[in-house]
Amino acid sequence: MNQSYQVKLDTFEGPLDLLLHLINQYEIDIYDIPVAQITEQYMQYIHTMKSLELNVASEYLVMAATLLALKSQMLLPKQEIEEDDEYMEDPREELMHRLIEYRKYKDAAEKLKEKEIDANQIFTRPPAVFDHIDSSQPVVKGDTSIYDMLHALGKMFERKNWNKPLETKVTRGEIPIEQKMTEVLDLVKRSKKGIAFDELFDYPSRAHIVATFIAVLELMKGNEIQCRQENHFESLYVFYMED
């Protein structure tokens, strides 16, 4: 299944966004980036996207090459520098400045988004009583990103030994995304307390995995379902977003 679907969510903007996600997730000091660790984690995401045959934008591959080059530089033996010699620039410095600037703009955008959300919560109609509705455990929109989902998918491949080889069959047609969206939505609706992300993938076929993953993304964009994760590295759960 050659899938050319372009993944585009609010939290999926480019390689710098992915690097910031990793820095936050692993609590890395942005002023002292461990290049070997961040490169390894970044490449895991790239491999996961490639294993799904999702198009990986060229800027992600350029960043991968940049990280690998930095890693090679950091592994080279350090030369002794005399006091009179010029200051040797840290090879990570340019990347660090790019990340800091990007984070400033991202934080500013988040604050503007919060103001927009607050403004949208202003209503003029009188309050209504909804005693018949059980709101003891409301499902609210979480902050799970596309990267959290890719990480969960990669971990699922490892747990279920689906890395190599995935079952491949030559078929005349592809799995309709609309059909898969209906199947996923039915599964989620039947589970009042949420369904584990892994349980949506019940067949080790690349076509089924890609179709299911894209169906989940489409349902999330339509605010029909929501993925939630209590803490980093914990299991993802999918909930139905009721009106």
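Before reading further, recall that the structure is shown in the block above.
A quick note: this is a predicted structure, and the numbers were derived from the prediction, not measured.

Participant: Hey, could you go over the packing of aromatic side chains for me, with residue numbers and the actual values?
Facilitator: All chains considered together, the criterion is met by 2 aromatic pairs. When the ring of Tyr45 is compared with that of Tyr147, the centres are 6.2 Å apart and the planes differ by 80°; the resulting orientation is edge-to-face. Of the two residues, Tyr45 is situated in helix α2 (residues 35-51) and Tyr147 in helix α5 (residues 146-159); the sequence distance between them amounts to 102 residues. Accessibility classification places Tyr45 together with Tyr147 in one group, the buried group. In this structure, Arg228 packs its charged tip against the face of Phe239, placed 4.9 Å from the ring centre.

Participant: Describe the pattern of salt bridges, listing the residues and the values that go with them.
Facilitator: Taken as a whole and assessed by the stated rule, the structure comprises 7 salt bridges. Salt-bridge contacts for Asp32 lead to Arg92; the nearest nitrogen and oxygen are separated by 2.9 Å. Here Asp32, found in the loop between α1 (15-25) and α2, pairs with Arg92, found in the loop between α3 (58-75) and α4 (93-120); they are 60 residues apart in sequence, far enough to count as distant. Residue classification places Arg92 among the buried positions, given a relative accessible area of 15%. Counted as one network, the salt bridges with shared partners bring together Asp32, Asp90 and Arg92.

Participant: Provide a residue-level description of the packing of α5 against helix α7 (residues 206-221), including the pertinent values.
Facilitator: Look at α5 against α7: their axes get within 12 Å of each other, and the N-to-C directions meet at 155°. If you check the angle between α5 and α7, you find them roughly antiparallel. Seen along the crossing, α5 lies across α7 with a hand that is right-handed. Note on element contacts: α7 touches α5 through Ile209, Phe213, Val216, Leu217 and Met220, opposite Ile146, Met149, Leu150, Leu153 and Phe157.

Participant: So what about the environment of Gln179? Which residues, and what values?
Facilitator: Mapping Gln179 onto the fold places it in helix α6 (residues 177-190). A relative accessible area of 41% places Gln179 in the partly exposed class. Taking C-alpha positions, Gln179 is 9.7 Å from Thr212, a pair spaced 33 residues apart along the chain.

Participant: Describe in detail the nonpolar core, supporting the description with residues and values.
Facilitator: One finds Tyr42, Leu99, Met149, Phe197 and Phe213 to be the most contacted residues of the largest nonpolar core, which totals 60 residues. Within the residue set of this core, elements represented by two or more residues are α1, α2, α3, α4, α5, α6, α7 and β2 (225-228). Element by element, the count of residues in this core is highest for α7, at 11 residues. Those residues within four positions of Phe197 in sequence are excluded, and the remaining contacts are Met149, Ala152, Leu153, Phe213, Cys227, Leu236, Tyr237 and Val238.

Participant: Lay out the sheet that holds strand β3 (residues 237-240) with the relevant residues and their values.
Facilitator: The sheet built from 3 strands is open, its strands ordered β1-β3-β2 with antiparallel pairing. Of all the strands in the sheet, the pair left with one neighbour each is β1 (195-196) and β2. Together, β1, β2 and β3 form the strand contacts of α6, whose direction differs from that of β3 by roughly 90°.

Participant: How would you explain the pairing of β3 if you had to name every residue and give the values?
Facilitator: In the sheet, β1 pairs with β3 via 2 bridges, with the strands oriented antiparallel. By the bridge assignment, Ile195 is partnered in β3 with Val238. Across 4 bridges, β2 lies against β3 in antiparallel orientation. Each residue of the ladder has a partner; that of Cys227, found in β3, is Val238.

Participant: I'd like to hear about the packing of α2 against α3, residue by residue, with values.
Facilitator: Following both chains from N to C, one finds α2 and α3 inclined at 150°, their axes separated by 10 Å at the closest point. Here α3 runs roughly antiparallel to α2, going by the angle between their axes. Considering how the two elements wind past one another, α2 and α3 form a crossing that is left-handed. On α3, the residues touching Val35, Ala36, Ile38, Thr39, Tyr42, Met43, Ile46 and Lys50 of α2 are Tyr60, Leu61, Met63, Ala64, Leu67, Leu68, Leu70, Lys71 and Met74. Classifying every residue of the contact of α2 with α3 by side-chain character gives 14 nonpolar, 1 polar and 2 charged.

Each value, and the rule that gives it
- Residues numbered from 1 in each chain as written.
- Predicted model: local features only at pLDDT ≥ 70, side-chain atom pairs only at ≥ 80, totals over all residues.
- Heavy atoms only, no water.
- Phe/Tyr/Trp six-rings, centres within 6.5 Å; stacked < 30°, edge-to-face > 60°.
- Helix = DSSP H or I, 4+ residues; strand = E, 2+ residues; numbered from the N terminus.
- Buried < 20%, exposed > 50% of the residue type's maximum accessible area, 1.4 Å probe, protein only.
- Lys NZ or Arg CZ within 6 Å of the ring centre and 35° of its normal.
- Salt bridge = Lys/Arg side-chain N within 4 Å of Asp/Glu carboxyl O.
- Axes fitted to C-alpha atoms, helices over the stretch in contact; angles between N-to-C directions.
- Parallel < 35°, antiparallel > 145°, perpendicular 65-115°, else oblique.
- Left-handed = near helix turned anticlockwise from the far one by under 90°.
- Contact = heavy atoms within 4.5 Å.
- Core = buried A, V, L, I, M, F, W, Y, C linked by side-chain atoms within 4.5 Å.
- Pairing = 2+ DSSP bridges.
- Nonpolar A, V, L, I, M, F, W, Y, C, P; charged D, E, K, R; others polar.

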